[in-house]
Amino acid sequence: MTKYIFVTGGVTSSLGKGIIAASLAKLLQARGFTTTIQKFDPYINVDPGTLNPYEHGECYVTEDGAETDLDLGHYERYLNTYTSQANNVTTGRIYQYVINNERAGGYLGKTVQVIPHITDEIKRRMKLLGETKQYDIVITELGGTVGDIESLPYIEAVRQLKWELAGNCLIVHLTLIPYLKAAKELKTKPTQHSVKLMSEQGLIPDVLVCRTEQPLYKDLKRKIALFCNVTQDAVIEAMDADSIYMVPLEMMREKLDLICLQKLGLQKGTDPDLSKWKEFLNKLRYPKSTVTIGLIGKYVELQDAYKSILEALIHAGAMNECKVEVKNIHSEYLTKENAESKLESLDAILVAPGFGSRGIEGKIDAIRYARESGMPFLGICLGMQMACVEFARNVLGLPRAHSTEMDPDTNQGVICMMEEQKSITQMGGTMRLGSYACELQPGSLAAEIYGNTLINERHRHRYEFNNEYRERFEQEGFVPVGKNPKSDLVEIVEMKGHPFYVGVQFHPEYKSTVENPHPLFVAFVKAAKDAQEQRSAAVEKANSLVI
Ligand code: GLN
């Protein structure tokens, strides 16, 4: 029988429910339990694909092409297993299903209501992954905070499920224990209130994970247990950590996994083998050098907008035993004139994915600088498309070259819309999404990096390289080295004679995990390290000549 763990949050948002859920899953997985995590988001968008990254951070794409919440990225990075469309459900999707069913006469004349129809549909989806019999444990994270009006149907669904699943279900509630500096005290009242609010809605947590800046002393744990109706060993301290990747070990120290297993009536399983994880952490904590990579984008002030890229750089840094310092560079303020002064001190540049024309010329100027100076360059999706535009304008002599996304009237559309996309007017889920095969040219840098000539990577875009220009690019040393074997669409470009110039139409960042850092990111960070070493060697040589 599959066991279900629900992770709820109280007091405030941004407590890190996703990281706690992923850490718990990691520990359970390490004990030999097959585990998956799903997220239920209480907003009305059918999926986060149409959400502005300013609102909700990055949109994460799964193998099967679902546009999902960025927490799914954490799940994959921690568990090293794939998630799918079924792992992320929103209120919009639930209502869409129920309304479609109502229109199709599926409710046989009944009045369709939040309870039972919406809650039944929520419950059905909460149990879906468990019913595949692939998992011993399904962890469900509820987005939002207890007490939000929009969270009510989810809390009600979990309340009902707790009865239906009897002992096979557990509620882990994440809460905050603030430290009041003036009083020099940790305060439990917000936690008490949040648990009280939950219990008014019929749900009593079994385990409390308490986010705190200060250690929770024993008496405080006793007090929380007493007032919140949980056993004392189920009050878990979650101290702020230097890195999100420390959290599984912190949770192991606090025995979160053991207490959950015990309350679910499961054996301890095997002793968790986290040696690979610890090896990664060691490299992360004790780097031997530092490289600085410029991230050129338009959401640079927002950490979450490029979440998977930043995490992939962390994984790749650890592999290279170096710290990757990311310098955020706003493409809107980059120009041909200031590109050199803004970029010359970097060891490499990464031009980010994106939509729309804001800051686009700055991206093109940055790519030109990287191409001409020999600075390692990685362009992802829009970053790759702009590399093509830059080359077309400045080398092929096509002054109006652009993507037809930015300039629909150009007659030099080196990046243009795929035929099958042209008739689509709806926004959500209408891009080239999810995993596609890509064939690599033997002998190319990409083939060397991947150690393979057939790869699969995830996509999220509407526009493509225009194959009519292929030969002209190739003749000048700008080589499409990766293509889709079925459609012939260009997936990777490289530059002959450049130390590291790679543009990819797909998103490698989605597939980088702690245990399997993405080879392209690993090679990119290595190229940055090499570039730095060469620069310092050149400076040293110049200095010795002066002496
Ligand atoms: N806007 C571009 C397209 O739709 C690139 C998308 C992206 O960078 N993810 O093709």
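As the structure is a computational prediction, the values presented were derived from the model and not from experiment.

Turning next to the environment of Val247. You can see Val247 is positioned in helix 9 (residues 247-253). Sequence separation between Val247 and Val172 is 75 residues; the distance between their C-alpha atoms is 16 Å. For Val247, the contacting residues outside a window of four places in its chain are Ile19, Ile20, Ser23 and Ala241.

With respect to topology, 3 strands assemble into an open sheet ordered 16-17-20, the strand pairing being mixed. If you trace the sheet from one side to the other, it starts and ends with strand 16 (402-403) and strand 20 (463-465), each paired once. Sheet analysis places strand 16 next to strand 17 (residues 413-417), joined by 2 bridges and oriented parallel. Note that in strand 17 the partner of Ser403 across the bridge is Ile415. With respect to the sheet, helix 15 (residues 382-394) is in contact with strand 16, strand 17 and strand 20, its orientation differing from that of strand 17 by roughly 150 degrees.

Let us now look at the sheet that holds strand 5 (residues 88-90). Ordered by their spatial adjacency, 7 strands build an open sheet running 5-2-6-1-7-10-11, and the pairing between neighbours is parallel. If you trace the sheet from one side to the other, it starts and ends with strand 5 and strand 11 (235-239), each paired once. Here the strands of the sheet are splayed against their neighbours by 20 degrees on average, with no regard to which way each runs. Where strand 2 (residues 35-41) and strand 6 (residues 137-142) come together, 6 bridges link them in parallel fashion. Within strand 6, the position partnered with Thr35 by the bridge is Ile137. Against the sheet, helix 4 (residues 91-103) contacts strand 2 and strand 5, and its axis sits at roughly 70 degrees relative to strand 5. Sitting on the sheet, helix 10 (residues 256-263) is in contact with strand 1 (3-9), strand 6, strand 7 (169-176), strand 10 (207-212) and strand 11, with an inclination near 160 degrees to strand 10.

Once that is clear, we can look at the packing of helix 7 (residues 189-200) against helix 8 (residues 218-228). A pair of packed helices can be characterised by two numbers: the angle between their axes and the separation between those axes. Two numbers describe how helix 7 lies on helix 8: the axes approach to 10 Å, and their chain directions differ by 25 degrees. If you check the angle between helix 7 and helix 8, you find them roughly parallel. At the point where helix 7 passes helix 8, the crossing takes the right-handed sense. Contact residues: helix 7 offers Thr191, Gln192 and Val195, while helix 8 offers Lys223, Ile224, Phe227 and Cys228. Looking at the contact of helix 7 with helix 8, its residues break down into 4 nonpolar, 2 polar and 1 charged.

The rules we used
Residues numbered from 1 in each chain as written. Predicted model: local features only at pLDDT ≥ 70, side-chain atom pairs only at ≥ 80, totals over all residues. Heavy atoms only, no water. Helix = DSSP H or I, 4+ residues; strand = E, 2+ residues; numbered from the N terminus. Contact = heavy atoms within 4.5 Å. Pairing = 2+ DSSP bridges. Axes fitted to C-alpha atoms, helices over the stretch in contact; angles between N-to-C directions. Parallel < 35°, antiparallel > 145°, perpendicular 65-115°, else oblique. Left-handed = near helix turned anticlockwise from the far one by under 90°. Nonpolar A, V, L, I, M, F, W, Y, C, P; charged D, E, K, R; others polar.

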